[in-house]
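Okay, here's what each chain looks like letter by letter:
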Amino acid sequence: MCGIAGLIHRGKSSNVGQELQGMLQALKHRGEDSTGYALYGNTDGKNFIMRFKVGENVAEGSTSVKEDVSVYDARKKQVDIFLKELGANIVKEERILPYSLRYEIEYDKDLMEFSKKIESVEGVEILSMGKSLEVIKDLGNAKAVCERYNLDKLIGTHAIGHARMATESGVDIKSAHPFWGYPFSDVSVVHNGQLTNYWNNRRMLENKGMRFMSECDSELIAVYLAEKMRSGASLEEGMKESLTGLDGVFTYFVATKDSLGMAKDTMAAKPLVLYESDDLVAMGSEEIAIRSVLPQEIDTYDPFDGMVKVWQI
Amino acid sequence: MANLKTSEKKTKAQSMGLHTEVLTGKTQQKFFNPDEAENFFYWGTYDVDFNKRTDLDVQNLDCKQANRKIDELMSQGYGTIVIKNPQGKHSLGVGILNKLNLIFEGSLGYFGVGSIDGPIVRINGRVGWSCAENMMAGKVVIEKKMLDRVLEQP
């Protein structure tokens, strides 16, 4: 049982960091192992924003092994060297936590090659890569993560988030949602449910050259959609195909640079409540999440089974 | 058991005392008498007046506080309670074993008005999973349909 939430402002920007924090905090009873945000901020669109981690959060409840901070430093240095080799120029560098970093970089070549090289450093994982996307995920509930990373001032157009109760894999950052749609810039996925044909699909996708960083079944959705888009399908077509291609129960959101989509499996076992208006679409696992953004009386509805919908900003 | 062989009783069962229990009478015990009006109410319920009406804003209350507040209002004799701003909260209005006219001006979350016996509930919105679960008596009206808007679409 996880909780997912997403919102998209059409034609205007808002404080999405704060709004999503409220939505996810309202869903915290659905899971507090970890919380993740995928925020699409307002940027000039010139530089890539790369969020990556050089180690795991080893706080209480974590399933990862404790490492020394000096290991993190060594990995960071290695990443810097690789960036130079790739011809990427670091414009801005922030080390938010010892294991979590945010770089703004100038780069204009192939992202697949780029991420393969960076992630060849042991323990390093790119959480997100995009011109407006920033994926932040860590252990703890929505409020704790928001405070740790100072997200409440992020202005943007849309965002998706996830409150996780770990059922299929460990409690660590690498299994936390949202997942970046490697190797596409600005694609992220959150998922509520369980996938049952994970290994079959994973084997097939790995043979096609896609990469899996964790053993979390939800990562499959991100990789699956990325592969569909790489072979020429649009986001909506890829999502429609996923209804039959993926097996199990799922409700998931996908966000790209300028759109937000939802899909619900044909059994409709996982809940979703939707609110749609001309300037705002908000959705979440429970109505209580939507109410944290829209306290007034509104009309909400549950999407049908097998429904796929995409909104543009 | 030790003196079974020397017992004077006819059978072993009799000597073990299995025939001495009186089985009659229990079935004739009266637990409920429909003529007595007091049997229609649970012990500890309140005498409420449907014409006494009040509002309760639950925006800043959690479900336990809100449910306790409803109980408190009933103990003061309010028979019509209007809940404002339920905002999809879970477990509102559960365990009411009283006659009561309860109106929710908004939507409920999961497990709304569960385990009730008696109240007349009107919800001017939608509900989540398991509404009015284990309801024994009373009436629950949910005004908005879940799929209204979806059905309009082609």
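This text goes with the structure placed above it.
Fair warning: this is a prediction, and the values are worked out from it, not measured in the lab.

Some remarks on the overall build of chain A
Thinking step 1. Tallying secondary structure elements over chain A gives eight helices and 15 strands in all.
Thinking step 2. Dimensions of chain A, computed from C-alpha atoms along their principal axes, come out at roughly 55 × 40 × 40 Å.
Thinking step 3. The 313 residues of chain A split such that 47% are buried.
Thinking step 4. In chain A, once contacts between residues fewer than 6 apart in sequence are set aside, the share between residues at least 24 apart is 71%.

Overview of the sheet that holds strand β3 (residues 101-105) of chain B
Residue and element names in this part refer to chain B.
Thinking step 1. Pairing in this open sheet of five strands is parallel, and the strands run β1-β2-β3-β4-β5 from one edge to the other. At either margin of the open sheet sits one strand with a lone partner, and together these are β1 (49-57) and β5 (137-142). Between one strand axis and the next, the sheet turns by 20° as a mean value, whatever way the strands run.
Thinking step 2. Sheet analysis places β1 next to strand β2 (residues 78-84), joined by six bridges and oriented parallel.

Some details on the packing of helix α2 (residues 69-86) of chain A against helix α3 (residues 111-118) of chain A
Residues and elements named next belong to chain A.
Thinking step 1. Direction vectors running N to C along α2 and α3 enclose 150°, while the axes themselves pass 10 Å from each other. Overall, the two elements α2 and α3 adopt an arrangement that is roughly antiparallel. The chirality of how α2 crosses α3 is right-handed. Where α2 abuts α3, its residues Val79, Phe82 and Leu86 lie against Phe114, Lys117 and Ile118.
Thinking step 2. Classifying every residue of the contact of α2 with α3 gives five nonpolar, no polar and one charged.

Quick notes on the interface of chain A and chain B
Thinking step 1. Taken together, the contact between chain A and chain B spans 12 residues of the former and 14 residues of the latter.
Thinking step 2. Along the lines of polarity and charge, the residues of the side of chain A that touches chain B split into five nonpolar, one polar and six charged.

So, the nonpolar core
Thinking step 1. Membership of the largest hydrophobic core comes to 80 residues, with the highest contact counts inside it found for A:Leu7, A:Ala159, A:Trp180, A:Phe253 and A:Val254.
Thinking step 2. Ranked by residue count, the leading element in this core is helix α6 (residues 219-230) of chain A, at seven residues.
Thinking step 3. Among residues more than four places away in sequence, those in contact with A:Ala159 are A:Gly6, A:Leu7, A:Val16, A:Leu20, A:Tyr37, A:Ala38, A:Leu39 and A:Tyr40.
Thinking step 4. Residues B:Leu73, B:Ile83, B:Val113 and B:Ile116 belong to the second largest nonpolar core, which totals 23 residues.

A word on the sheet that holds strand β5 (residues 100-106) of chain A
Residue and element names in this part refer to chain A.
Thinking step 1. Here we have four strands laid out as an open sheet, ordered β4-β5-β3-β6, and antiparallel in their pairing. Either end of the sheet is taken by a strand with one partner, and the two such strands are β4 (89-97) and β6 (125-130). In this sheet, neighbouring strand axes are inclined to one another by 20° on average, regardless of whether the strands run parallel or antiparallel.
Thinking step 2. The sheet contact formed by strand β3 (residues 48-53) and β6 spans five bridges and is antiparallel. Residue Met50 lies in a different strand from β6, and its bridge partner there is Met129.

Section: the packing of helix α1 (residues 16-26) of chain A against helix α4 (residues 142-149) of chain A
All names here are of chain A.
Thinking step 1. Relative to each other, α1 and α4 sit at 150°, their axes nearing to 8 Å. Between α1 and α4, the crossing angle belongs to the class labelled roughly antiparallel. Residues Gln21, Leu24 and Gln25 of α1 lie in contact with α4, whose contacting residues are Ala142, Lys143 and Cys146.
Thinking step 2. Its residues assigned to classes, the contact of α1 with α4 comprises three nonpolar, two polar and one charged.

Some details on α6(A)
All names here are of chain A.
Thinking step 1. Along its 12 residues, α6 runs 17 Å from first to last C-alpha, staying within 8% of the 16 Å computed at 1.5 Å per residue.
Thinking step 2. Taken together, the buried positions of α6 are Glu219, Leu220, Ile221, Ala222, Val223, Tyr224, Leu225 and Ala226.
Thinking step 3. Tucked inside the fold, the buried residues of α6 contact β9 (179-180), β10 (188-195), α5 (198-207), α7 (235-245) and β11 (248-255).
Thinking step 4. Gly232 sits one or two residues past α6 and shows a positive phi near 105°.

Here is what the cut-offs are and how they apply
- Every chain's residues receive numbers from 1 upward, in the order its sequence appears when written.
- By the order in which they are written, chains take letters starting at A while ligands take numbers starting at 1.
- With pLDDT at 70 or above as the cut-off, local features in this predicted model cover only qualifying residues; side-chain atom pairs require 80 or more to be listed or tallied, and sums for whole chains, interfaces and linings still use all residues.
- Only DSSP runs of H or I reaching four residues or more are called helices, and only runs of E reaching two or more are called strands; each is numbered from the N terminus.
- Burial is judged by counting the other C-beta atoms within 10 Å of a residue's own C-beta: 20 or more makes it buried, 12 or fewer makes it exposed, and any count in between marks it as partly exposed, with every C-beta position built from the backbone.
- A pair of residues counts as a contact when their C-beta atoms, built from backbone coordinates, are within 7 Å of each other.
- Two strands are counted as paired when DSSP detects at least two bridges linking them.
- For helices, the axis comes from a line fit to the C-alpha atoms of the stretch in contact; other axes are also lines fit to C-alpha atoms, and the angle between any two N-to-C directions lies between 0 and 180 degrees.
- Angle categories are assigned with fixed cut-offs, so that under 35 degrees is roughly parallel, over 145 is roughly antiparallel, 65 to 115 is roughly perpendicular, and the rest are oblique.
- Two helices crossing with the near one rotated counterclockwise from the far one by less than a right angle form a left-handed crossing, whereas a clockwise rotation gives a right-handed crossing.
- Side-chain classes follow a simple rule in which Ala, Val, Leu, Ile, Met, Phe, Trp, Tyr, Cys and Pro form the nonpolar group, Asp, Glu, Lys and Arg form the charged group, and the remainder, Gly included, forms the polar group.
- Note on terminology: a nonpolar core is a set of buried residues of type Ala, Val, Leu, Ile, Met, Phe, Trp, Tyr or Cys, with members joined through C-beta atoms within 7 Å.
- Each residue after the first adds 1.5 Å to the expected span of a helix.

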